[in-house]
Each structure stands twice: as structure tokens, then as C-alpha cells.
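# Topology and contacts: notes
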Amino acid sequence: MGELQLVESPIALRLLSVAPRPRRRLSLATFGHGLRPFRGCNGMICVSNARQTHVEVSSTYLYKLTSPKKVKFSTRSTSASVQPMTQDITEDKHKDYPISGDEIRTRFLNFYASRGHKILPSASLVPDDPTVLLTIAGMLQFKPIFLGKEPRSVPCATTSQRCIRTNDVENVGKTTRHHTFFEMLGNFSFGDYFKKEAIVWAWELITKEYKLPPERLWISVFKDDDEAFSIWHDEVGVPKERIKRLGEDDNFWTSGITGPCGPCSEIYYDFHPDRGSESADLGDDSRFIEFYNLVFMQYNKKDDGSLEPLKQKNIDTGMGLERMARILQQVPNNYETDLIFPIIQKAANLAMISYAKADDATKTNLKIIGDHMRAVVYLISDAVLPSNIGRGYVVRRLIRRVVRIGRLLGIKGAGEGNPDGAFLPGLAKTVIELSNHIDPDVTGRMPHILEELKREELRFVQTLERGEKLLDQFLASALLNASTNGDRPCLAGKDVFLLYDTYGFPVEITAEVAEERGVSLDMNGFHIEMENQRRQSQAAHSTVKLSVGNEVELAESIGDNGFLRCKGVEDSKHIAIVEVKDVQKSLGNIFVHKGTIKEGKIELGVEVNAIVDPRLRQRAKVHHTATHLLQAALKNVIGQETSQAGSLVAFDRLRFDFNFHRPLFEHELMKIEELINQWIGDSTLLQTKVMPLLDAKKAGAIAMFGEKYGEQVRVVEVPGVSMELCGGTHVSNTSEIRGFKIISEQGIASGIRRIEAVAGEAFIEYVTARDNSMRHLCSALKVKAEDVTGRVENILEELRIARNEVSALRTRVAVLKATALVNKAFIVGTTNIRVVVESMDDTDADSLRNAAEYLVDSLQDPAAVILGSCPGDGKVSLVAAFTPSVVKMGIQAGKFIGGIAKLCGGGGGGKPNFAQAGGRKPENLSNALEKARVELIAALDGKTS
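Let us look at the structure shown here. Note that the structure is predicted; figures quoted are calculated from it, not measured.

Let us look at the environment of A610. Position of A610 among the secondary structure elements: in strand β23 (residues 608-612). Between the C-alpha atoms of A610 and G562, which are 48 residues apart in sequence, the distance is 7.5 Å. Filtering out sequence-adjacent residues up to four positions away, A610 remains in contact with F563 and L564.

Residues spaced three or four apart along an α-helix face the same direction, because each turn holds 3.6 residues. Between its terminal C-alpha atoms helix α20 (residues 788-822) stretches 51 Å, which fits the 51 Å expected from 35 residues at 1.5 Å a residue. Of the residues making up α20, those classed as buried are V788, T811, A814, A818 and L821.

With that settled, the discussion passes to the sheet that holds strand β26 (residues 687-692). Remark on secondary structure: sheet strands pair via backbone hydrogen bonds, oriented parallel or antiparallel. Strand order across the open sheet formed by 3 strands is β26-β27-β28, with antiparallel pairing between neighbours. Across the chains shown, the open sheet's two edge strands, defined by having one partner strand only, are β26 and β28 (722-725). Each strand of the sheet is rotated relative to its neighbour by a mean of 25°, with strand direction disregarded. Judged from the 6 bridges that link them, β26 and strand β27 (residues 712-718) form a sheet pairing that is antiparallel. Across the sheet, the residue bridging to T688 is V716, located in β27.

Before going further, it helps to spend a moment on unusual backbone geometry. Cis rather than trans, the peptide bond between D861 and P862 has omega equal to 5°. With respect to the helices and strands, the residue P862 is situated in the loop between α21 (845-859) and β33 (863-872). At R738, a position not held by glycine, the phi torsion is positive, near 75°. Considering the arrangement of structural elements, one finds R738 in the loop between β28 and β29 (740-749). One non-glycine residue, D873, lies in the positive phi region at around 60°.

Taken in spatial order, the 6 strands of this open sheet run β31-β32-β33-β34-β36-β35, and their pairing is mixed. Each edge of the open sheet carries a strand with a single partner, namely β31 (826-828) and β35 (907-910). Taken pair by pair, the neighbouring strands of this sheet meet at an average axis angle of 20°, ignoring direction. Bridging between strand β34 (residues 875-882) and strand β36 (residues 914-919) involves 6 bridges; their strand directions are antiparallel. Each residue of the ladder has a partner; that of V876, found in β36, is G919.

Criteria and cut-off values
- Residues numbered from 1 in each chain as written.
- Predicted model: local features only at pLDDT ≥ 70, side-chain atom pairs only at ≥ 80, totals over all residues.
- Heavy atoms only, no water.
- Helix = DSSP H or I, 4+ residues; strand = E, 2+ residues; numbered from the N terminus.
- Contact = heavy atoms within 4.5 Å.
- Expected span 1.5 Å × (residues − 1).
- Buried < 20%, exposed > 50% of the residue type's maximum accessible area, 1.4 Å probe, protein only.
- Pairing = 2+ DSSP bridges.
- Axes fitted to C-alpha atoms, helices over the stretch in contact; angles between N-to-C directions.

Right, here's the structure in full:
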């Protein structure tokens, strides 16, 4: 039996030598249950807690002896080569870190709190800023303060901000540091301290609090910032050779073309100090990682590009939590930190693979899953639901990428005995388990998050398999055409659009699959198809400004109506009156009144009295309180997991958007109305209180996702019914609402429903109008109100029968016309193909189809028929019908008619033997049919010659 020489150190049990040779497989006889894995050295023994387990030599992992027990090993020869690990003892199973990500975050916040900073919560991922799509930086919630639009509430603050960036999504998993979701630790000064304190504290934090070796730290400064260079070198003591001066692109921050700006200084960690300082490049990712950025906001950039000193100098910093965790936890990339790796481990387990044994491509895919799952969980938690536009598309794109990659890795179901089930909820549970210190509210929203992920995954899977098959066909065709023509294989833009529009394939996924097969995409063609669809659907898309600008952005919510009364400057008895029709609020709490001067003249500096229209104010109060009751009723009827996604309180109605996956049933709508009218009849007095935000949440007050709240909040409560954070105007007693009626319920986006309703005076007006309409209807139909429904059903049935009779007559007329066209058939090719290309005047589309079918049957195989008509309203109808022999020649009706339809300003398609198309240019029909005649003859001649 060979002998093992072991040495016990404070860090690990390390294998020094094994004898005799060759390689041996070790069998564990007895062991200490306290052995735990530890990264860092080569040549270790990996053990598990099995009673008799084969122990294998690993080249990557250490195990820490945490309890003093004797360890005996025996060796026995084996013909098999040494395996990295058994299933029970993989790196995926255990990880031990010298410091947790949660502890890194807490230490950062506490460090700056002890230096006078106020710890503020992370803002929502949906920013209170129309110029950006998502929260992309820690400073975003303070943008109005930095731009001078809002006064500071505290002199300095510190936060851990949740952020989303998707501009580098293609690099996720491939590099060591790119993410879509990340946390940005930051300390901010609003005119309090400046450059010296920011630099000194940053150095103290990383070298004393986090204990990073100073000799591994490098600094970059703006090339002209001698002050920062001096502080780093003279006061902090960083050697000159480790301070790099960089240009404006790297180390000068601007808020836009004009506005606040200033130099910045970045701190880098050196993974390879052995390479020396000579010609060191901070952009070398294999050696350096930038983890802390200090922005010194000290200038104002003017229109002419010149810089002037700011009266209030600010500090804006950002430390990437994931990057700092990678450094302190001594792992090779951000993904293997305790912030992300448990999600990767869960995904690997579902795929029944080992991350440690996986090849690079598989590891990359697992990293993508780990990253994207964090992003989608926190986005859905902040009420961003999957859709095809804006923020919703970001969520949908990431979800579908995870689903496709998961299927590629072989994940089937959530590992709970249902291989056809969704696996995203299982991964999301792991994300949520890690969320307590990031956003405690996520746990409470778990049912909603899991249900939304499950629904979106299963919806995607329904079309994914069909889409994958179609994509495979498209790629095979592109490769075949390229090999035939000698061109570079390229997927047509219309095919890319079909996959996107019909099968839900994000373009990025199509590109990834195509790249794997060596095929490029025709993106110009795709954009043309996309633009055509946008024009046809007249869909409204907004352009989002991704820079931090300094313009005045106005909120879209409508305020009070009323009057402004002004006294004259020279004559105090003279009165000027402005009728205000709209009030809007800017980001900086500036209220903009829009109105018309009804009397007199107004001048700058005149004192103004604002008078609200009391009648309209009451309408607003009624609809606002009714909105609170509606949310409470929805939670009562369809489930507590539903939440507000938007609202409008107007004088004539209210609108409430909420998260739900299906239309509401009629009995649910009736129950909601019944509950609300019952609460109105209870004549309950409303209660309003101002209290700390945390106390309000503990009391159960509902907060609007994405809304920005201060430390003190106003709580509006309808006792026993509703409690919400709200600063708006409300009735004093529910009886003031008088009545409530739902006008409509509809879907406005994937997973988002909308209810419109009326209350108070608007309710009475609505009911009165409906009653008048019913009176007129009863009079016209000569029935009582209770008999209207039956009478209308009878009329509709009579109308249906009449329409069918008319349709049958039209078809008979079309067939009679087609009979005459048989004699107009002409012969093409050596196989005597009978061809008809004719116009049938104003024949409707259905009758045109019947006529084409009649002609093909009459002419018999081989035959080809092209018919066109102008049925009215500026429309064109086209149809192509080919017999089997013509189709076998490679001439397909769908492709042929589509090209002809373009001349008439339309398009279409169908099956190889039969297809229909339409257009909007009837004046071009004759030319289109002539083109069809010429091209069809040429195609048939070419195939039969």
C-alpha cells in the first residue's frame, strides 16, 4: 500500500506526494466531517461526507480542515485515469468565500455612514426620468440635485443601487466582468466635501476596511487634473509609476453637450504585479480590473464649449459590487462570486452537468443564465413585464435567451418530476433567496414573479420548436445558396423578421444561432420589414434619450383646472384673470401652469392667487379614492399578487392598469363593482397620516412600483379596505363617491390589463346617458327594455342568413364569369400548360378565390390561373392557383403572387398550389396582371424547354 504525506496548515490539507507511482485512486477509510472546499492551490484532496467514498485528486480545489479529526487514506491501483471529481464532490456543490458579497455591501455603506453619509435605499429599476429607459447608474436618482433642479435633502449620501445595462449583452458570460444586472455601490456629496476627502476615504476604504494590498492598486486621473494626481501621490502615497494620466474619453465625465461635468479618477486592481510597471496598460483585462470610479463634478460646460467652475462642487462615485467581490473572494471572474454562482449551480444541477467539468462554451452559457436570471427577477419585481416594446422587450429578450440556452444545455422542467414544465421559476427561487440584502420586497412579490416567468416561458416554448425548425430550414437554404453561388451565406431580412414577428425570436437569438452555423443576417432587409409593419399598425414608439441631459422634462399626468388672479403692478385694483386648463410638474418640482388670459394683463413679479375649480376638484377626489377602492377590490377578487402598473385620474373617468395574465370574467367584474359600491355605501371616513416610510410598509401600506418616496410619506387609509402611500387629493368619506361603474376591461400589453370606470358625477352622467340610449333603442325596436336583448339577437340572426345568401349569389355570379374565362385560356410550353391571366372587375376576394378554384378544376392538370379584381374602397384582390404538375416544376403560387402584389402596393402569400394577395393601388392592377402574364409564360417556358 502506498503512503500519503500530508501537512496540516491554517489554510488547508495539501497533498505533498503520493507513492508508489503510477497514479492511484484514493479510498477514504475515516475522515473528519469538517473538511470544506477552499480555492487557491493545486494538488489537493477532495473529500465528501460519505462513509466510504472514493477520493480523487483535483488540480483546482483545496479543502479546509475545520475540525481536528484524524484522516487515514489508503491507495489502490486503478486502470482509469484520475477524474476531476465524483458527482457528490463537485465544486458546484460547495463554495467557501473569505467574505460574502452581502458583507462587502454592508461594510461599504457603514463606512460612509460613519463619515456623515445618509444611507438611502436603491431606487427602482424604472427611473423617474423620461430620458432613460432603465436605471443605468447609481447617480441617476440624484440627477435633479446634480443639475440644480431640486434642493438637496442631505449633504451627502451612500447607496447600493440596482442597475440594468444591456448595451453589452453580447459580452455577458464571455468576459470576466460584463453583466446586464449589477449593483453599484456609491458615495455622493452635494456641495459638502470634494476631491481630497473623496480620494482619501476611497483609499482608506479599500486598503484598511477591505485590506487590499496597496502595491496591487493602480490609479488613473484626467491628464490635466494635477490636483488629483498630487493628492494620490503626495497625500495618499501612491508611487508615480502607478498613477496614469488618461484623456477625455477615459477620465472626463459630462452630463450632456452642456451642463455639469468634471474629471474623474479610477482605481484598478492588479492581478499580475509580477509583470512590472513598465509599459503597463490599464486597459489590459487579463491583468487589471477597474472597480471604483470617482467623479469630481466641478465645472459647467457652456454653449461655446468653455468650462466655468461650479458654485456647488459635487462628488459622484461608483464601485461595482460584483467586481469587488471577485477581488476579495479570489475567484477568476465575477460569475463565480457568491452573488451569482448559486444561480449557476442551480442551472447546472437542472442540466445534470458539472460546472467544474464543463467546457468553456458550456460555462459561458451557464454564466449567461446566472446573469440574465438576476436581471429578469428584479425587473419583474419592479413591475416591468414582458412585451415587444420598451422596457418590456428588454425583459422578454432576456427571458427568451435563457429559455433557449437552457434547452440547449438539456434542461427539462424544474427538476420536480415534470419534464414539460417551466424551469425559470426554479432558477428564480434561487435569485430570490439571494435578494434579502439587495431588495427585501422581492420576497413578498415572489408568487407574481414566478407566475409571470412560468407563463412567459411556456408561451415562448409553444412557438420555439416550430420557430427552431423554420430557422434551421432558412439556414440550410442560405448555406445551400451560398455554396451554389459562391457567396457568403446570409439569412434574408424577411426571414429574420418572420422569426421575430410570428415566432417570437429576438433578433439577437437568431443572430447567435446563425453565427454558430457561419451565416450572417441581412439587417437592412429586417429593418425595412420592421418599418413596414410599424407603418401598417401605426404603432406608437417613443425615442428614449440615454444621456443625462439638462432639459426640463415635464410629467404627463394632468393636474387641477382653475384660475390665477393677479393684481396690477401700477393699479392694485386692476385684476387680471388667467383660466388654467393644465398643470404639469417637472423633475425639479417646478409646477408649470398652462392657460389663457381672460381679463387684464399680467407681468413678471406680480403676486398671484391660485383658485382651484371646486367642482372639478371634487370629481378628481372621487375618482382618486375610487381608484384605491378598485385596487383593493382587484386584490380581493383575483388575488393579492396583482399590482398597479399605471393609472389616470381624470375629471370624467378613471383608468387603472394592473398586472394580470388573462381577461377578467364577467362574474369577476360584477363582484368588483359590488364590493366597491358596498364600501361606498358603508360611508367610511378616510384617515391620512404622515409617517416614516419603513413604518408605513410595516403597517401594510401599498407602495406604487417605480415611485420615488422620501423618508416621510403620507398614508391614505380606508379602514378595513385599503391602505396606500399617496400624496394626492381624496374624499373625506366614501359616501361622497355616490356610485361606481366599470366601463371597459381590456388588455393593453402582454400581462397588463386596463380597467376604465366612472364614479360620482361622472357615474350619474354615464348611467343617465345609458338610460337615454336604452329608451331610444326600445322605441326603435318597439319592445320593452327587458326584451331588447332577444330582439337584437333575432335581428342579427336574420342579418347572418341574408349575408350568406348574398355571398352565395356572388359566388354563383363569379363562377358564371369564370366559365367564360375557360375559353380565354392559352397554351404554354411543350407540355401544353393551360394558362389564364384575367381581371374580374369588382369581384370580392372570396368570390375571386372560388372562381380560381373552378377554373383550375375545369382546365385540369397542367394549368395555372392568375386572377385580379378591384372590389372597391381602393382595394385590390389577387389570387394564384397552380395544379400539381406546375408546382412540381418549382413554380410556387405563394412566392409568385407576392411579387405581383407589390406593384399594387401590397403583398401576400400562401401555399405552393394556392395563394391570395391584396393591395391598395387599383390603378396598377392592369400592369400587375400584364407582368404576371409575362413572368408566368417565361417561367413555364423555361421549365418545359
